[in-house]
Amino acid sequence: MVRVLPDKQCSTDSMPTRLLKENVDLLAPFLSQLFCWPLQHGVVPTTMKSTYITLILKKTDIDPAETKLYRPISNLSVLSKLLERLVAKQLVTYLKDASLLPDRQSAYRAHHSTETAVLKVLADILLALDTGNLSVLTLQELSAAFDSVDHETLLRRLQTSYGLGGVVINWFASYLTGRTQNVRSSANSSTPSAVLYGVPKGSVLGPILFLLCTADLLRLIRRHHLHPHAYADVTQIYAVL
């Protein structure tokens, strides 16, 4: 897993990612101990929960003085993201084996892309037209989706909908709470502030946790005899009349 890491790194990393990959055989025993202890005790080290935000303009031809037009990207340490990769691999394997992943969500999952979402929705609409029915389609897009995740709600979802408990749920609670972030721009940096809501953008677990938190929305839509298909924070809702 270490050898396939991208060479990019966070400025707070004490070791270049390239050196970590080249010497992973020597560092493996230390990395194993570093990661096993937090997983066994259900905690995330405080040093792995601090991040700085880089602001990137959503488009190049817009006014850079407008703060709402920037996309915040979390810059996390390589070691913290490596720990997240280990947890994400185990979590996704468990969800797949238990058939708990939402089947109408085409994002952040292997073999579930924009193509699968478009093909499914288009096929359903064409099938309805072929049988003489009408289809009505509407789109829902969440604003600042990743930033709006409530931690308590997410933890309840992980327990009640996905059966996580004990040390595992304690680890996720530790992962979500006690996080700090600050904004960096050129040579300037803001004062670190507590992160009370949301999942970190640019993280490994963030997108997966967002999908799990919003999966009940798809079930709710189905209860009203409508057909949903989501891609990240955009949900396509259509009905056959």
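Residues numbered from 1 in each chain as written. Predicted model: local features only at pLDDT ≥ 70, side-chain atom pairs only at ≥ 80, totals over all residues. Heavy atoms only, no water.

1. Observations concerning the nonpolar core
We apply this condition: Buried Ala, Val, Leu, Ile, Met, Phe, Trp, Tyr and Cys residues that are joined via side-chain atoms within 4.5 Å together make up what is termed a nonpolar core. Working definition: with a 1.4 Å probe on protein chains only, accessible area under 20% of the residue-type maximum means buried, over 50% means exposed, and in between means partly exposed. Labels follow the DSSP assignment, with helices taken as runs of H or I lasting at least four residues and strands as runs of E lasting at least two, numbered in each case from the N terminus. We call two residues in contact whenever any of their non-hydrogen atoms come within 4.5 Å of each other.
By size, the foremost hydrophobic cluster in this structure holds 38 residues, and its most contacted members are Leu-158, Phe-172, Leu-205 and Leu-209. Looking at this core, the elements with two or more residues in it are helix 2 (24-41), helix 3 (78-97), helix 5 (151-160), helix 6 (166-176) and helix 7 (205-223). When residues of this core are assigned to their parent elements, the largest contribution, 8 residues, is made by helix 7. Setting aside residues no more than four positions away along its own chain, Leu-205 makes contact with Glu-84, Val-87, Ala-88, Leu-91, Trp-171, Phe-172 and Tyr-175.

2. Quick word on helix 4 (residues 114-130)
Here is the rule: How far a helix is expected to stretch is found by multiplying one less than its residue total by 1.5 Å. To obtain the arc, one takes the directions from the helix axis to the C-beta atoms.
In a regular helix each residue adds 1.5 Å, so 17 residues correspond to 24 Å; helix 4 covers 24 Å between its end C-alpha atoms and thus fits that length. All of the buried residues along helix 4 are Ala-117, Val-121, Asp-124, Ile-125 and Ala-128. Each buried residue of helix 4 lies within a common arc of 95 degrees when the element is viewed along its axis, so the set occupies one face. The exposed set on the far side of helix 4, more than 90 degrees from its buried face, consists of Leu-119, Leu-127 and Asp-130. On its buried face, helix 4 sits against strand 3 (135-141), strand 7 (227-231) and strand 8 (234-240). Two residues or fewer past helix 4, Gly-132 is found with a positive phi of approximately 85 degrees.

3. Quick notes on the pairing of strand 4 (residues 180-185)
Successive residues of a regular strand alternate their side chains across the two faces of the sheet. What counts here: Note on pairing: DSSP must find at least two bridges between two strands before they are called paired.
As paired elements, strand 1 (residues 50-57) and strand 4 share 5 bridges and run parallel to each other. Across the sheet, the residue bridging to Ile-53 is Val-183, located in strand 4. In terms of strand pairing, strand 4 meets strand 6 (residues 193-194) through 2 bridges, oriented antiparallel. Counterpart to Gln-181 in the pairing with strand 6 is Ser-193. Where strand 4 lies against strand 5 (residues 188-189), 2 bridges are found, and the strand directions are antiparallel. The residue of strand 5 that forms the bridge with Ser-185 is Asn-188. Remark: 2 residues form the turn of the hairpin made by strand 4 and strand 5, two consecutive strands paired antiparallel; Ser-186 in that turn has positive phi of roughly 55 degrees.

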